[in-house]
Amino acid sequence: MTDIKSMTIDELKKLMTTLGDKPFRAKQIYSWLHEHLVTSYDEMTNLSKSLREKLKEYPVTALKMVDVQTSRIDGTQKYLFRLSDGNVIESVLMRYKHGNSVCISSQVGCRMGCAFCASTIGGLVRNLSPSEMLGQIYQIQKISGERVSNVVIMGTGEPMDNYDNFLKFIHLLTDENGLNISQRNVTVSTCGIVPKMKELAKEHLQITLALSLHGSNQEKRRKLMPVANKYDITEVLA
């Protein structure tokens, strides 16, 4: 099934042609999804009724909030969201003087097996789609009524293990036709999957890459992180 919220404007233009409509409708739909954050075609009031009916064959991905916990100390909020297949993920809203930051998950579960992390206990269930990663930010912004200016991909999952979806998510998140969050305000954390780190570098994005080192030498890393058995610390640092 086509995930319309994960589509770029160019992909939406092709869909409009397939549906027998005008390509310019793509930008209108994109704006509704990524700027106005709607979750229903009925809210897209500048589209014809016939087009809205056709589009209903392509469901809009929307996360459902199950629970939220608020820190009594600094007001940080942890959200539990349910996905369309029943799986749940966590996201965190952190408020700072320089703006609101949201920490999102990139997978349901994780297969990296790091000894210090609870996210990997049940192993990897599945990857999140670009729209499911975006949905965490969109829902928090709608629920809080406050703009999100910074995003960190440090929740459940290893982003480099969901590389293609993660990369598309970055482009959608920072698109000037959507939330238009600056790439400089995006940080992604990895446990050190070297080939994907190199591949990401070739994209010449302006995001920050954070490395979860967790050990100052190879022996300590191997005890804590199975990934260290495949990629030596010298290779990771290089």
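Here the structure is a predicted model, which means the values were calculated and not measured.

Student: Provide a residue-level description of the overall build of the protein chain, including the pertinent values.
Tutor: From N to C terminus, the protein chain includes 8 helices and 9 strands. At 19 Å, the protein chain has a C-alpha radius of gyration in line with the 18 Å of a compact globule built from 238 residues. For the protein chain, the C-alpha atoms occupy an extent of roughly 65 × 40 × 35 Å along the three principal directions. By residue count, 48% of the 238 residues in the protein chain fall in the buried class. Put simply, of all contacts in the protein chain between residues at least 6 apart along the chain, 54% involve residues at least 24 apart. As presented, the protein chain carries roughly 12100 Å² of accessible surface, and 50% of it is formed by carbon and sulfur atoms.

Student: An account of unusual backbone geometry is needed here, citing residue identities and associated values.
Tutor: Of note in this structure, Leu 37 is not a glycine but carries a positive phi near 60°. Tracing the backbone shows Leu 37 in the loop between helix H2 (25–34) and helix H3 (49–55).

Student: Summarise the side chain of Gln 141; cite the residues concerned and give the values.
Tutor: Looking at the secondary structure, you find Gln 141 in helix H4 (residues 130–144). In this structure the side chain of Gln 141 is engaged in a polar contact, spanning 2.9 Å, whose partner is the backbone nitrogen of Val 148. Contact partners of Gln 141, with chain neighbours within four places excluded, come to Leu 37, Glu 146, Arg 147, Val 148 and Leu 179.

Student: Now, about the nonpolar core: what can you tell me, with residues and values included?
Tutor: By size, the foremost hydrophobic cluster in this structure holds 65 residues, and its most contacted members are Ile 4, Leu 55, Ile 137, Ile 153, Phe 166, Phe 169 and Leu 200. If you tally residues by element for this core, the top one is helix H5 (residues 163–173), at 7 residues. Sequence-distant contacts of Ile 4, defined by excluding residues within four places in its chain, comprise Leu 12, Leu 15, Leu 33, Tyr 41, Leu 55, Tyr 58, Pro 59 and Val 60.

Student: Talk me through the side chain of Gln 77; I want residue IDs and the actual numbers.
Tutor: Checked against the element boundaries, Gln 77 lands in strand S2 (residues 77–82). Overall, the relative accessible area of 15% leaves Gln 77 in the buried class. In this structure the side chain of Gln 77 is engaged in a polar contact, spanning 3.4 Å, whose partner is the side chain of Arg 95. In this structure Gln 77 touches Val 68, Gln 69, Thr 70, Ser 91, Val 92, Leu 93 and Arg 95, once residues within four positions along its chain are discounted.

Student: Mind laying out the packing of helix H1 (residues 9–18) against H2, listing which residues take part and the relevant values?
Tutor: Where H1 meets H2, the closest approach of the two axes is 8 Å, and the angle between their N-to-C directions is 125°. Considering their axes alone, H1 and H2 lie oblique with respect to each other. Crossing of H1 over H2 shows right-handed handedness. Residue-level inspection shows Ile 9, Leu 12, Lys 13 and Met 16 of H1 in contact with H2, the latter providing Arg 25, Ala 26, Lys 27, Ile 29 and Tyr 30. Tallied by class, the residues present in the contact of H1 with H2 amount to 6 nonpolar, no polar and 3 charged.

Student: Mind laying out the packing of aromatic side chains, listing which residues take part and the relevant values?
Tutor: On inspection of all chains with the given rule, the structure shows 1 aromatic pair. Summarising the aromatic geometry, the rings of Tyr 79 and Phe 81 are spaced 5.7 Å apart at their centres and angled 0° between planes, so their arrangement reads as stacked. A residue is classified by how much of its surface remains accessible, and Tyr 79, at 3% relative accessible area, is buried. Judged by relative accessible area, Phe 81 falls into the buried class, the value being 0%.

Procedures and definitions
Counting restarts for each chain, with residues numbered from 1 along the sequence as it is written. Owing to the predicted nature of the model, reporting of local features is limited to residues with pLDDT of at least 70; listing and counting of side-chain atom pairs is limited to 80 or more, with chain, interface and lining totals taken over all residues. Derived side-chain values reflect all non-hydrogen atoms in the structure, with water molecules and hydrogen atoms excluded from consideration. Where helices and strands are cited, they refer to DSSP runs of H or I of at least four residues and of E of at least two residues respectively, numbered from the N terminus. Throughout, radius of gyration means the C-alpha value; the globule benchmark is 2.2 Å times the number of residues raised to the power 0.38. Burial classes follow relative accessibility: with a 1.4 Å probe on protein chains only, a residue under 20% of its type's maximum area counts as buried, one over 50% as exposed, and anything between as partly exposed. Should any heavy atoms of two residues lie within 4.5 Å, those residues are considered in contact. Under the convention used here, a 1.4 Å probe and the Shrake-Rupley method define accessible areas, while residue burial counts only the protein chains that appear. Any pair of nitrogen or oxygen atoms within 3.5 Å is treated as a polar contact; in protein, a donor-acceptor pairing is required on top of that, and neighbouring residues in sequence qualify only through side-chain atoms on both sides. Note on terminology: a nonpolar core comprises buried Ala, Val, Leu, Ile, Met, Phe, Trp, Tyr and Cys residues joined through side-chain atoms within 4.5 Å. Note on method: axes are straight lines fitted to C-alpha atoms, helices fitted across the in-contact stretch only, with angles between N-to-C directions ranging 0 to 180 degrees. Orientation categories follow fixed angle ranges, with anything under 35 degrees roughly parallel, anything over 145 roughly antiparallel, 65 to 115 roughly perpendicular, and all other angles oblique. Helix crossings are classified by the rotation of the near helix relative to the far one: an anticlockwise turn of less than a right angle makes the crossing left-handed, while a clockwise turn makes it right-handed. Polar here means any residue outside two lists: the nonpolar Ala, Val, Leu, Ile, Met, Phe, Trp, Tyr, Cys and Pro, and the charged Asp, Glu, Lys and Arg; Gly therefore counts as polar. Geometry of aromatic contacts follows a simple scheme: Phe, Tyr and Trp rings, the Trp one being its six-membered ring, pair when their centres are within 6.5 Å, and the pair is stacked under 30 degrees between planes, edge-to-face over 60, tilted otherwise.

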